[in-house]
Structure formats: C-alpha cells, structure tokens
Amino acid sequence: MTEAEPPTVAGGSLTVLIALGSNLLVAIAKTVASVITGSASMVAETAHSWADFGNEIFLLIADRRSTKARDEPHPLGYGREAYVWSMIAAFGIFTAGSIVSISHGIQQLIAPEDATNFGIAYLVLTVSFLLESFSFAQAFRQARRGGIDRGTSAGVYALTSSNATLRAVFAEDAAALVGLLIAFLGILLHQLTALAVFDSIGSILVGVLLGGVAVVLIDRNRRFLVGEMPDARLRNEVLRRLLDQPEIDRVTYLHLEFVGPGRVFLVASVDIVGDDTETHVAYSLRRIEETLTRSEHIQEALLSLSTPDEASLDPDRP
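Keep in mind the model is a prediction, meaning the values are calculated, not measured.

Caption draft 1: Main features of the overall build of the protein chain. Of the regular secondary structure elements, the protein chain holds nine helices and three strands. Sequence-ordered secondary structure for the protein chain, helices as α and strands as β, is α-α-α-α-α-α-α-α-β-β-α-β. Among the 318 residues that make up the protein chain, the fraction classed as buried is 50%. For the protein chain, the proportion of contacts with a sequence separation of at least 24, taken over those separated by at least 6, is 77%. For the protein chain, the computed accessible surface area is about 14400 Å², with 65% contributed by carbon and sulfur atoms. Charged side chains of the protein chain number 24 positive and 36 negative; the gap between the two group centres comes to 2 Å.

Caption draft 2: A look at the sheet that holds strand 2 (residues 263-272). Spatial strand order, 1-2-3: three strands in an open sheet with mixed pairing. Every other strand in the sheet has two partners, leaving strand 1 (248-260) and strand 3 (298-305) as the edge strands with one partner each. This sheet shows a mean twist of 15° between the axes of neighbouring strands, independent of strand direction. Where strand 2 lies against strand 3, seven bridges are found, and the strand directions are parallel.

Caption draft 3: Here's a closer look at the pairing of strand 1. Of all 13 residues in strand 1, ten are buried; the element is thus mostly enclosed. Pairing geometry for strand 1 and strand 2, over ten bridges, is antiparallel. Residue pairing for strand 2: Arg 250 is matched across the bridge by Asp 271.

Caption draft 4: Layout of the packing of aromatic side chains. What the rule picks out here adds up to seven aromatic pairs. Note on Phe 58 and Trp 85: the rings are 6.1 Å apart at their centroids and 25° apart in plane angle, and the pair reads as stacked. With Phe 58 in helix 2 (residues 40-65) and Trp 85 in helix 3 (residues 81-110), the pair connects residues that are 27 residues apart, well separated along the chain. Connected via pairs of aromatic rings, a cluster forms that spans Tyr 83, Phe 224 and Phe 258. One residue, Lys 68, lies across the ring of Tyr 78, its end atom 4.3 Å from the ring centre.

Caption draft 5: View of the nonpolar core. Grouped together as the largest cluster of nonpolar side chains are 24 residues, with contacts concentrated most on Leu 242, Leu 254, Leu 266, Leu 292 and Leu 303. Looking at this core, the elements with two or more residues in it are helix 3, helix 8 (232-243), strand 1, strand 2, helix 9 (278-292) and strand 3. Filtering out sequence-adjacent residues up to four positions away, Leu 303 remains in contact with Leu 242, Leu 266, Ala 268, Leu 285, Arg 286, Ile 288, Glu 289 and Leu 292. In this structure, Val 16, Leu 60, Ala 89 and Phe 170 belong to the second largest nonpolar core, which totals 18 residues.

Caption draft 6: Structural view of a nonpolar patch on the surface. Together, Leu 24, Ile 28, Val 32, Val 35, Ile 36, Trp 50 and Ile 120 make up an exposed nonpolar region whose accessible area comes to about 580 Å². Top contributing element to the nonpolar patch by residue count: helix 1 (residues 12-37), with five residues. Its place among the elements puts Val 32 in helix 1.

Caption draft 7: A look at helix 9. Helix length check: helix 9, at 15 residues, gives a terminal C-alpha distance of 21 Å against a target of 21 Å (1.5 Å per residue), a fit within 8%. Along its buried surface, helix 9 packs onto helix 8, strand 1, strand 2 and strand 3.

Caption draft 8: Focus on the packing of helix 3 against helix 7 (residues 196-227). Contact geometry for helix 3 and helix 7: axes closest at 7 Å, N-to-C directions at 160°. In terms of orientation, helix 3 lies roughly antiparallel with respect to helix 7. Two packed elements cross with a definite hand, and for helix 3 against helix 7 that hand is left-handed. Among the residues forming the contact of helix 3 with helix 7, the class breakdown is 20 nonpolar, twelve polar and one charged.

What counts, and at which threshold
Residues numbered from 1 in each chain as written. Predicted model: local features only at pLDDT ≥ 70, side-chain atom pairs only at ≥ 80, totals over all residues. Heavy atoms only, no water. Helix = DSSP H or I, 4+ residues; strand = E, 2+ residues; numbered from the N terminus. Buried < 20%, exposed > 50% of the residue type's maximum accessible area, 1.4 Å probe, protein only. Contact = heavy atoms within 4.5 Å. Areas by Shrake-Rupley, 256 points an atom, 1.4 Å probe, with all protein chains shown as cover. Lys, Arg positive; Asp, Glu negative; His and termini not counted. Charge placed at Lys NZ, Arg CZ, Asp CG, Glu CD. Pairing = 2+ DSSP bridges. Axes fitted to C-alpha atoms, helices over the stretch in contact; angles between N-to-C directions. Phe/Tyr/Trp six-rings, centres within 6.5 Å; stacked < 30°, edge-to-face > 60°. Lys NZ or Arg CZ within 6 Å of the ring centre and 35° of its normal. Core = buried A, V, L, I, M, F, W, Y, C linked by side-chain atoms within 4.5 Å. Patch = residues over 30% accessible without salt bridge, like charges linked within 9 Å, V, L, I, M, F, W, Y side chains within 5 Å. Salt bridge = Lys/Arg side-chain N within 4 Å of Asp/Glu carboxyl O. Expected span 1.5 Å × (residues − 1). Parallel < 35°, antiparallel > 145°, perpendicular 65-115°, else oblique. Left-handed = near helix turned anticlockwise from the far one by under 90°. Nonpolar A, V, L, I, M, F, W, Y, C, P; charged D, E, K, R; others polar.

In structure tokens, the structure reads:
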C-alpha cells in the first residue's frame, strides 16, 4: 500500500517548521504595520498571522505525538493524535482569526477610522506575500509528490490525504496568500477613494475566508477521527496484495480504516488454499498478518476465514 506519505511523514515537520518561522516574521511585521497605519484590513491580517503562528505549534505537537510507538493501552498506536491537535488548530483559525477579523471589520464599518502611512502597509503586505509563498511552496511540493503517486492534483491530495499537518499548512498558507491580496485591495481602494468602508470590507472578507478554511479543516479531521476509509484505488491495491499471498485463494471481505497519517487498520475475510487442518490454517493466517504488518502503512491486520457461499472481491471491478 502506498498512500504516498509514511507514518513518520518525512517532510511533515520541515513543512510545519518553515510555516512556523514564516508566520512569526509575518505576524511581527503586520503587528507593527497595523499600529502605524490603523488599517482594518491590516489588523485582520495581523490576527490571521498570529493565529497561524499559534496553530503551527499545535501542528508540531500533532506531528510528534502521532508518531509515538503503540503500547498496551493504545494497540493501534497514537496516529489519531494528529487529527485531534489539527482540529484544535482549526478551531484556533476560526476563533483567533475569523471572529476577530469579522468583528473588527464590522466595528470599523460602524465607527470608521482613517488609515495613514499606506506605503508601510504595502511594503509589509509584499514582504508577507513573499514569505508566505516560500512556506506554501514547501507544502505544495510535498502535496504534489503525493498527488503524482496517487494520480491527482496537489490540492485534491492535500485535502483528502490522511496527513493532517500537510493539509493544515497547505490550506492555511493558501488562505494567507488570498487574504493578503484581499487586504491589499481593501487598503488600495481606501487610499484611492478616501472611504474606509473598503478597508473594513477587506477585514470582513479575510475573516469569512478564514472561517471557511477552518470549517473545511474541522470537517476533514472529524472524518478521520470517526473512521475514514481509503479511496477505491488504495483499497484495490491492498486487495491485490492480499491476493498475491500464495496461501490466499480469494478475499470476500475487506475493511480498511485510517488510524493515523499513512497508517491503516486492516480487517479481511479470506479463503485459504486447500483444505488443511484448523491448526495449520490458524498458523497460515498469523503468518499472513505478520507479513502484512511489515508494511509501514499497515498498523494492524486481522484476518478471518470466509464461508464458501460468500462472494469474492475483485480488485479490477468497482
């Protein structure tokens, strides 16, 4: 099975560390610019960047805790920790980013304040865009490698992958780039028209954007926490691996469920070749299970015997 990312996600920590460093620099710069300019859009972007910085810390925790070796209390490992901490990070985007940006934008609509020093705002937004682009490029490269292996785009792979930290960084950095463009346009229209309403609308739009990203990330992590199954391509790949075992004649049932980034719990019903004794069949099943779990992607395998009347599964048929 090749879901394109190993359980220890080689590029995961690097991707998060690059995003963490970029967001810290951007957050500091935006904080200074928002104080100097008084721009509502810049305040929204400041809240956005500090929220992203805090979220990267949660994602680092997710990366570390999800790779702990399984033990007796957790026989399927700690992989789902990644989805718990990534969900906490997504809630952070919603509360510290979206709500703050929208509420500040509405406040500025009711009692608008003039912005000054537009040049500083443009400079900070430009530098921020470059830093965020660098961070996004790292996440995009990692997602693109996985997408190529799976035969899909980088965006689809990042959204559907079991790698929660990659998905979070990819979505946050993409939202950051779009948010910067919105803020730039809001500030520019404010300067050209002398109407602070455009700046306020920019702040609200940034908040709405962050809220949408947060809802998507929360939903994706929820799905993996309650039990997400791999797609048909990966399922058929595992089915072929089972049928490649010399002891297995056919497979009648197959259940796969993600228990962490790049790791699944496998349950299958199989028909063993020949008509051996119960003891020998039991030993055959244990040998196959041990063979399957040598894969870095299969956390646990549990096999049982099929009955003669059960239909066979075919990896070449949907």
